[in-house]
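Now for the letters of each chain:
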Amino acid sequence: FFPLKAWVVRLNLLMWLLYFVSYYAAFTMHNHGLIGGFALQLALSIKPFSLGLSGLRYYVLWMHASALGWKLARGTAWSPQHALDVLTQQQAEALTDAGHWVHFFLENPWFWWIGWYMALIWQCLHVLGFFTRRLDVVFFAGLFVFHIGNMLLLDTTFSDVLVVALAYVPLAWIGRGKTSV
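Residues numbered from 1 in each chain as written. Predicted model: local features only at pLDDT ≥ 70, side-chain atom pairs only at ≥ 80, totals over all residues. Heavy atoms only, no water.

> When you look at helix α6 (residues 109–129) in this model, what are you seeing that I'm missing?
Taking 1.5 Å of rise per residue, 21 residues should cover 30 Å, and α6 covers 31 Å from first to last C-alpha, within 8% of that figure. Every buried residue belonging to α6 is among Trp112, Trp116, Ala119, Leu120, Trp122, Gln123, His126 and Gly129, and all of these are buried. Along α6, the residues classed as buried sweep out an arc of 155° about the axis, all on the same side. Along α6, the residues that are exposed and aim more than 90 degrees away from the buried face are Met118 and Ile121. Residues of α6 that are buried sit in contact with α3 (49–74), α4 (80–90), α5 (102–107) and α7 (136–154). (Helix = DSSP H or I, 4+ residues; strand = E, 2+ residues; numbered from the N terminus. Expected span 1.5 Å × (residues − 1). Buried < 20%, exposed > 50% of the residue type's maximum accessible area, 1.4 Å probe, protein only. Arc of directions from axis to C-beta. Contact = heavy atoms within 4.5 Å.)

This is the structure:
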């Protein structure tokens, strides 16, 4: 039966993935909701497994590198005030509570700026990831720190992105494939 052929399923997953990537990256201020699940399904449907996992790795690298490109293209990468604007927009409800931690960052903005530039450096490192796998263990651990920090500080949920952390697990640890592409 035609719709159940493996290549049709893979093509369907690929088309949905491309739809979500193009829609969320271009029209929703670089949001990645639901994309992780589609990317993981597509990667797991490809044989050999190492090829699908490598493709997923490049998608996750692109996701972080394109976030950097988005900031550079809009000129917000070098604007510390933009970092504070992001904080106040994400935590607008908390601004009414005088004892909330957001006020600490608003009174001491250089703490927040340090975090902003650390995030930019983190995204810059992902550009290097296209050329080497040597940073994959750092990316694996850093992905959790970066996105959990975003969830705690900015009230943004990237749980579907944490699912694709599997892309940074060295293939030798899984017991299949080589450690380099």
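> What exactly am I supposed to notice about the pattern of salt bridges here?
Two side chains carrying opposite charge are able to pair once their charged atoms lie near each other. Counting across every chain of the model gives two salt bridges. Across the pair Asp136 and Arg57 runs a salt bridge whose closest N-O atoms are separated by 2.9 Å. Placement of Asp136 in helix α7 and of Arg57 in helix α3 is noted, with a sequence separation of 79 residues between them. The closest approach of N and O atoms between Arg133 and Asp136, which form a salt bridge, is 3.3 Å. The network of salt bridges with common partners includes Arg57, Arg133 and Asp136. (Salt bridge = Lys/Arg side-chain N within 4 Å of Asp/Glu carboxyl O.)

> Please clarify how a nonpolar patch on the surface should be interpreted in this entry.
Residues Trp7, Leu11, Leu14, Met15 and Leu18 make up a contiguous nonpolar surface patch of roughly 490 Å² in combined accessible area. With respect to the helices and strands, the residue Met15 is situated in helix α1 (residues 6–27). Classification of Met15 as partly exposed rests on a relative accessible area of 47%. (Patch = residues over 30% accessible without salt bridge, like charges linked within 9 Å, V, L, I, M, F, W, Y side chains within 5 Å. Areas by Shrake-Rupley, 256 points an atom, 1.4 Å probe, with all protein chains shown as cover.)

> Looking at this structure, I do not really get the packing of α4 against α6. What am I missing?
The relative placement of two packed helices is expressed as an angle between their axes plus a distance between the axes. Where α4 contacts α6, the axes come no closer than 9 Å and their chain directions differ by 100°. Relative to α6, the element α4 is oriented roughly perpendicular. Here Pro80, Gln81, His82, Ala83, Leu84 and Leu87 of α4 come into contact with α6, specifically with Pro109, Trp112, Trp113, Trp116 and Tyr117. (Axes fitted to C-alpha atoms, helices over the stretch in contact; angles between N-to-C directions. Parallel < 35°, antiparallel > 145°, perpendicular 65-115°, else oblique.)

> What is the right way to look at the packing of aromatic side chains in this model?
Ring pairs (aromatic) are described by centroid distance and by the angle formed between their planes. With the rule as written, the count across this model stands at 10 aromatic pairs. Arranged with centres 5.5 Å apart and planes meeting at 70°, the rings of Phe104 and Phe105 form a pair that is edge-to-face. Judged by relative accessible area, Phe105 falls into the buried class, the value being 15%. Residues Phe105 and Trp112 carry aromatic rings whose centres are separated by 5.1 Å and whose planes lie at 65° to one another, so their mutual orientation is edge-to-face. Considered together, Phe105 and Trp112 belong to a single accessibility category, that of buried residues. Above the ring of Tyr58, the side-chain terminus of Arg57 is found at 5.2 Å from the ring centroid. (Phe/Tyr/Trp six-rings, centres within 6.5 Å; stacked < 30°, edge-to-face > 60°. Lys NZ or Arg CZ within 6 Å of the ring centre and 35° of its normal.)

> Any chance you could explain the packing of α3 against α7 here in plain terms?
Close contact between α3 and α7 brings their axes to 13 Å; oriented N to C, the two are set at 50°. One element, α3, and the other, α7, form an angle in the oblique class. With respect to the hand of their crossing, α3 and α7 are arranged in left-handed fashion. Along the contact surface, α3 presents Arg57, Leu61 and His64, while α7 presents Asp136, Phe139, Leu143, Phe146 and His147. Residue classes in the contact of α3 with α7 are distributed as four nonpolar, two polar and two charged. (Left-handed = near helix turned anticlockwise from the far one by under 90°. Nonpolar A, V, L, I, M, F, W, Y, C, P; charged D, E, K, R; others polar.)

It is worth stressing that arrangement in space is one thing and function is another; only the former is reported here.
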